[in-house]
2 protein chains.
Amino acid sequence: MISVAIVDAQTPGNVGTIARAMKNFGLSDLYLVDPPDLDPDGEAYALAGQAREDVLPNAQTVSFEYLIENFHTVGCTAVTNSDDRRHVRYPFVTPRELTDSLTTVGTETVIVFGRERVGLHNEELSSLDEICSIPASEAYPVLNLGQAATIVLYELRSITVDETQHPTEIVRASERDIEGLHDQFETFIEPVGIVPEQQSRIRRLWRRVLGRAHPTRREVSSLRGVFRRAENRLREKQAQKPNEDTTKNKNENE
Amino acid sequence: MISVAIVDAQTPGNVGTIARAMKNFGLSDLYLVDPPDLDPDGEAYALAGQAREDVLPNAQTVSFEYLIENFHTVGCTAVTNSDDRRHVRYPFVTPRELTDSLTTVGTETVIVFGRERVGLHNEELSSLDEICSIPASEAYPVLNLGQAATIVLYELRSITVDETQHPTEIVRASERDIEGLHDQFETFIEPVGIVPEQQSRIRRLWRRVLGRAHPTRREVSSLRGVFRRAENRLREKQAQKPNEDTTKNKNENE
């Protein structure tokens, strides 16, 4: 089980943003230490999306000590120590590493986010069990509180989200269907009038394009239909006025 | 090169949030289609952090067609089609898959985000080259615009961020140092008074704890120092009043 705590947030909007991200990524238990006033008509509720119905009204106000005593605590910070001379913010894990390590452990964990400008104080971080830090641009690594929390909760989704809105897997066409399309393409380019010595090059080129695209069944059958119809039309035309067409296509190919 | 475009954003705050995320993750080129008014004293600049100095003032207002004509376009949407019966929002890639595919390709790509409530329209998505969708909770997969963009730009960081604020790697202690700590622990637990038949079990337990923690050099040397001092004190005490101590430790161990 993973919970979220926000320590001493100044702006209600950030609490709402974090509540929304929690609901987006399957979390529900929010703890607030020294929270701002969360008016149901104010910015926290305005930014919480559907989390205004559960995550936000169910949030519990607790003390910092309550978190320490009841959870495996992970403090998030943009600013880390750079080596092991100081252990307040070192060693740290990235959100992805945190997810990997929590995946294999059954634990009541709380992810702790700090105040907007200065984050978690050193005294607070010193009493937390792990430090997590989002890798960002060296030129400007300090994320907004709500955005930082969104990223950490996004990374934790493999632990917290049972079902996503996505279909399990994009269904690629079978090799048989894809080869069927290649066969159709081959007979299609004959009446296009490409000179025979170029046809194998064009077929190979088309095979490379399709090979990288991993087409779906529907894409393959639709394209096959297009080439079949094109081929039929071309052969009809060829039957009607063979000389004219051959000349035209030859010119186009030069 | 990766750029960002926001189509028909309603709230200036989201533009500022996205600009900040761009700067956090090493991007600089922002295109706006039908933007709201971005007052330098308003919410966009207030939420942009240091991106108020460059990303936001340098943003270019362009037409949707300009994006189509000049970029490989990736449209972001929470709502996907579920199978290949409709291709407006299918197939799609996740932000991580997008990052993997763009890593190997040199291209001018623009990541396109839509308006707050309804995202990108179907007509818009139809003319974009790829669809990207963030996996989230099936119960509530619709992220706030600024939060969705933050996640996508976070995932793209391996392409866009040269140097993060993090040290390259957490430096783990050498095996030699770790074995040194184990040696110290072994001689430390003797005067603690743990009965000899238990000592190997305790040493093994300690080896497992340290084995999972991958300690740094500093952690190993500090703990070694602690155990050395404790051992010295214990042996001093033992030398002073051997009988009393042995009795006490025996009881403690029972």
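Criteria and cut-off values
Residues numbered from 1 in each chain as written. Chains lettered and ligands numbered in written order. Predicted model: local features only at pLDDT ≥ 70, side-chain atom pairs only at ≥ 80, totals over all residues. Heavy atoms only, no water. Buried < 20%, exposed > 50% of the residue type's maximum accessible area, 1.4 Å probe, protein only. Helix = DSSP H or I, 4+ residues; strand = E, 2+ residues; numbered from the N terminus. Pairing = 2+ DSSP bridges. Right-handed = clockwise from strand over helix to strand, strands pointing away. Contact = heavy atoms within 4.5 Å. Axes fitted to C-alpha atoms, helices over the stretch in contact; angles between N-to-C directions. Left-handed = near helix turned anticlockwise from the far one by under 90°. Arc of directions from axis to C-beta. pLDDT = per-residue confidence, 0-100. UniProt positions renumbered as here; feature names shortened; annotations may be inferred.

## Quick word on the pairing of strand β5 (residues 109–113) of chain B
Residues and elements named next belong to chain B. In terms of residue burial, β5 counts as a mostly covered element, since five of its five residues are buried. Of the two faces of β5, the one holding Thr109, Ile111 and Phe113 and the one holding Val110 and Val112 are both buried throughout. In this structure, strand β1 (residues 2–7) lies alongside β5, joined through five bridges in parallel fashion. Of the residues in β5, the one forming a bridge with Ala5 is Val112. With four bridges connecting them, strand β4 (residues 72–76) and β5 associate as parallel partners. The partner of Gly75 across the bridge, within β5, is Val112. The parallel pair β4 and β5 is bridged by helix α4 (residues 95–103), and the resulting crossover is right-handed.

## As for the sheet that holds strand β6 (residues 130–132) of chain A
Residues and elements named next belong to chain A. Spatially, six strands are ordered β3-β2-β1-β5-β4-β6 in an open sheet, and the strand pairing comes out parallel. In the strand order of this sheet, the two ends are held by β3 (60–61) and β6, each with one partner. Here helix α1 (residues 12–24) sits on the sheet in contact with β1 (2–7) and β2 (30–33), set at roughly 175° to β1. Packing against the sheet, helix α6 (residues 145–155) makes contact with β1, β4 (72–76) and β5 (109–113), and its axis sits at approximately 155° to β5.

## A short note on the packing of α6(A) against helix α6 (residues 145–155) of chain B
Contact pair α6(A) / α6(B): the axes reach a minimum separation of 9 Å and the direction vectors enclose 65°. Handedness of the α6(A)/α6(B) crossing: right-handed. Packed against α6(A), whose contacting residues are A:Gln147, A:Thr150, A:Ile151, A:Tyr154 and A:Glu155, the element α6(B) presents B:Gln147, B:Thr150, B:Ile151, B:Tyr154 and B:Glu155 at the interface.

## Thoughts on α4(B)
Within the sequence span of α4(B), burial applies to B:Pro95, B:Leu98, B:Thr99 and B:Leu102. Buried residues in α4(B), looked at end-on, bunch into an arc of 100°, giving them a common side.

## Overview of the sheet that holds β4(B)
Hydrogen bonds between backbone atoms are what pair the strands of a sheet, whose relative direction is either parallel or antiparallel. Residue and element names in this part refer to chain B. In spatial order, the strands read β3-β2-β1-β5-β4-β6; together these six strands make up an open sheet with parallel pairing. Each edge of the sheet is formed by a strand with only one pairing partner; in this case those strands are β3 (60–61) and β6 (130–132). Along the sheet, α6 makes contact with β1, β4 and β5, crossing β5 at roughly 155°.

## Describing the confidence of the model for chain A
Reading predicted coordinates in detail is not appropriate for stretches of low pLDDT. Residue-level pLDDT values for chain A average 91, and 94% of them are 70 or greater. pLDDT under 50 marks residues 245–254 of chain A. Its contacts with residues more than four places away, or in other chains, come to eight contacts.

## Side note on the UniProt feature "domain: tRNA/rRNA methyltransferase SpoU type" (unreviewed entry) in chain A
UniProt's feature table lists "domain: tRNA/rRNA methyltransferase SpoU type" (unreviewed entry) at residues 2–154 of chain A, given in the numbering used throughout. Measuring from the first to the last C-alpha atom of residues 2–154 of chain A gives 13 Å, for a span that is 32% helix and 16% strand.

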